[in-house]
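Observations on chain architecture
So you can see what is in the structure, the chains are spelled out below.
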Amino acid sequence: MQVVRLHGPKDLRLETTLEPLPPGPGQVLIAVGAVGVCGSDLHMYETGKIGTTAVETPLVLGHEFGGTVLRVGPGALDGYAQPLRAGQRVAVDPQVACGHCRQCQEGHPNLCPRHRFYGVWPDDGALRGWMVVESRNCFPVPQAFSDATVALLETLGVAIHAVDLGKLRVAEGVGVIGCGPVGLLILRLAKLAGAGPLYAFDPLPWRREKALELGADAAFERAPGPAADLDVVFEAAWANESVQQAAEMARPGGRLVLVGIPSDDRLYLQHSTARRKGLSLIMARRMKHTYPRAIRLVESGQVDLEGLVSHRFSLEQTPQAYAANAAYTPGLLKAVIEVAGATGD
C-alpha cells in the first residue's frame, strides 16, 4: 500500500507499507477517496509542529477525508448509531473523542482532553490507500457526492462551528479576515443566515474574487478598510496582526471569533482595544456535531464544496501539492489529493 509520510519540515516521502490490520470492534476499514490540504497541515509541513505538538516520528498527514467502507468490524455503528456495511461511502470526523470525560458528557467532544486526531502526531492521517477508522466517526454520504466534496465536509464543519460560536443574527454586520477555504465558507454561511453587510479581507486577489462570488458585499486587500462597527468579526487567517485588526473593526460589545492558528502560538491583541470595547473573544476549537448539517447544506445545493477545489493532485504528487500551497500559487483556493486506487503493489 502506498503512503506519504512527513519526516521533517518540508520532507514528504512516498513510501510503501503493509496493508492495515482488519478492523476491530467498532471500527471499519475504508479505501480513502480524497484528502484536502488544510492550513493546519501546512503548519506541520513547514515547521514540524502545530502549537505545542511536535512531529517526533514520521507522520501520515491528512485529516480532511472520506472513503468507501471495505470491511466492517463487530458492532460497527456510524455517527447516527446505524450499522455500517461494506460499499457505503462515508465522510470521517478526524477527532476521536474519549466519550467519557466531562467535556464529552456535556456535549463538547471537540474539547476532549483525551482525544485522538487522525493526522496529528502521534496518530496517522489519510494520505494512504486504506486506513482503519472508528465507525462512530463515519457519516454516510449521498452517492452523488464527489470524493473531493466528501473530504471538504470537514472544512465546512469547521466553518459551521465558527458561525455557531458567533451567534449570528439577521442583518448583523460581519467581517471575515482571511479568505482561504474556511473563511470563504464562513462568508457563505453568514450570507445564508441573513447577515449583512458582509466584508471580506485577504491580500490575494483570486480569494477576494471568490469572496464576492459567495456573497461578500465588498472585499479588500487589507483590514480594516472602510469597515467599522461590525457586530461579528471572524479571524480565519494566520492569527498574527489580523487579530488586532479584527478588534479594531468590531463595534463596542461586538464579538470576535478566532479561527486561525498562529505559527508562533502567540496571540497579538492590544488589551485596551478589546477592554474599552468590552469585546467577547471566542476561540474556535475545530467543530462539533456538524456533519449532518454539512451534508444537508451540500445536498440541498446551498453550499458548493466542489466549487472551492482549484487544484488536484495524485497521492504521488503530494509533495508538489504541499509546496504549491505553501507558496500561495496564484489561483489556488483549495488543493485536493485524489487517493482512490493508490494501494500500490
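Going by the structure above, here's the rest.
In this report, we go over the structure that sits alongside the text.

Calculation notes
Residues numbered from 1 in each chain as written. Predicted model: local features only at pLDDT ≥ 70, side-chain atom pairs only at ≥ 80, totals over all residues. Heavy atoms only, no water. Helix = DSSP H or I, 4+ residues; strand = E, 2+ residues; numbered from the N terminus. Rg over C-alpha atoms; globule rule 2.2 N^0.38 Å. Buried < 20%, exposed > 50% of the residue type's maximum accessible area, 1.4 Å probe, protein only. Contact = heavy atoms within 4.5 Å. Areas by Shrake-Rupley, 256 points an atom, 1.4 Å probe, with all protein chains shown as cover. Lys, Arg positive; Asp, Glu negative; His and termini not counted. Charge placed at Lys NZ, Arg CZ, Asp CG, Glu CD. Polar contact = N/O pair within 3.5 Å; in protein donor to acceptor, adjacent residues only side chain to side chain. Pairing = 2+ DSSP bridges. Core = buried A, V, L, I, M, F, W, Y, C linked by side-chain atoms within 4.5 Å. Disulfide = S-S within 2.5 Å. Phe/Tyr/Trp six-rings, centres within 6.5 Å; stacked < 30°, edge-to-face > 60°. Salt bridge = Lys/Arg side-chain N within 4 Å of Asp/Glu carboxyl O.

Before going further, it helps to spend a moment on the overall build of the chain. The helix and strand tally for the chain stands at nine helices and 19 strands. Here the chain has a C-alpha radius of gyration of 20 Å; the compact-globule value for 345 residues is 20 Å, and the two agree. Burial status across the chain gives 55% buried among its 345 residues. The contacts in the chain between residues at least 6 apart in sequence include a share of 71% that link residues at least 24 apart. Entry remark: accessible area of the chain is about 14500 Å², with carbon and sulfur atoms responsible for 51%. A distance of 6 Å separates the average location of the 33 positive side-chain charges in the chain from that of its 35 negative side-chain charges.

Attention shifts here to the side chain of Thr149. Along the chain, the position of Thr149 falls in helix H3 (residues 147-166). A polar atom in the side chain of Thr149 sits 3.5 Å from the side chain of Glu306. In contact with Thr149, other than residues within four places in its own chain, are Val298, Leu305 and Glu306.

Turning to the pairing of strand S19 (residues 334-338), a few remarks are in order. Of all five residues in S19, four are buried, a share of seventy percent or more. By the bridge criterion, three bridges tie strand S3 (residues 27-36) to S19 in an arrangement that is antiparallel. Of the residues in S19, the one forming a bridge with Val35 is Ile337. Here five bridges tie strand S18 (residues 309-314) to S19, and the two strands are oriented parallel to one another.

Soluble, globular proteins show a tendency: their nonpolar side chains are buried together. If you look at the biggest cluster of nonpolar residues, it comprises 53 residues, and the most contacted ones within it are Leu153, Leu156, Ile186, Phe234 and Leu305. For this core, the element with the highest residue contribution is H3, accounting for 11 residues. In this structure, Leu42, Val55, Val69 and Val133 belong to the second largest nonpolar core, which totals 41 residues.

By definition, a disulfide links the sulfur atoms of two cysteines through a covalent bond. For the coordinates displayed, the defined rule picks out zero disulfides. Summary of cysteine pairing: Cys104 is not part of a disulfide, and the nearest cysteine sulfur, belonging to Cys101, is at 3.6 Å. Residue Cys104 is classed as buried on the basis of its relative accessible area of 14%. Free of any disulfide, Cys112 has its nearest neighbouring cysteine sulfur in Cys98, separated by 3.6 Å.

Let's shift gears to the packing of aromatic side chains. Overall, the coordinates contain six aromatic pairs when judged by the stated rule. Measuring from centroid to centroid gives 6.3 Å for Tyr199 and Phe220, while their planes differ by 35°, and the two rings are tilted. Of the two residues, Tyr199 sits in strand S13 (residues 198-201) while Phe220 sits in strand S14 (residues 218-220), which places them 21 residues apart along the sequence. Using a relative accessible area of 23% as the deciding quantity, one classes Phe220 as partly exposed. An aromatic cluster is defined as three or more aromatic residues linked by ring pairs; in this entry it consists of Tyr80, Phe139 and Tyr291.

Below, the discussion takes up the pattern of salt bridges. Overall, the coordinates contain 15 salt bridges when judged by the stated rule. Between Arg102 and Glu106 there is a salt bridge, with its nearest N and O atoms 3.0 Å apart. Ionic pairing is found between Glu306 and Arg312, a salt bridge with its closest N-O pair at 2.0 Å. For Glu306, a relative accessible area of 27% corresponds to the partly exposed category. Among the charged side chains, a network of salt bridges with common partners joins Arg116, Asp123 and Glu134.

Right, let's get into the environment of Cys104. Among the secondary structure elements, Cys104 is positioned in helix H2 (residues 102-105). Spatially, the C-alpha atom of Cys104 lies 28 Å from that of Ala190, the residues being 86 residues apart in sequence. Sequence-distant contacts of Cys104, that is, excluding residues within four places in its chain, are made with Ala97, Cys98, Gly99, Pro109 and Cys112.

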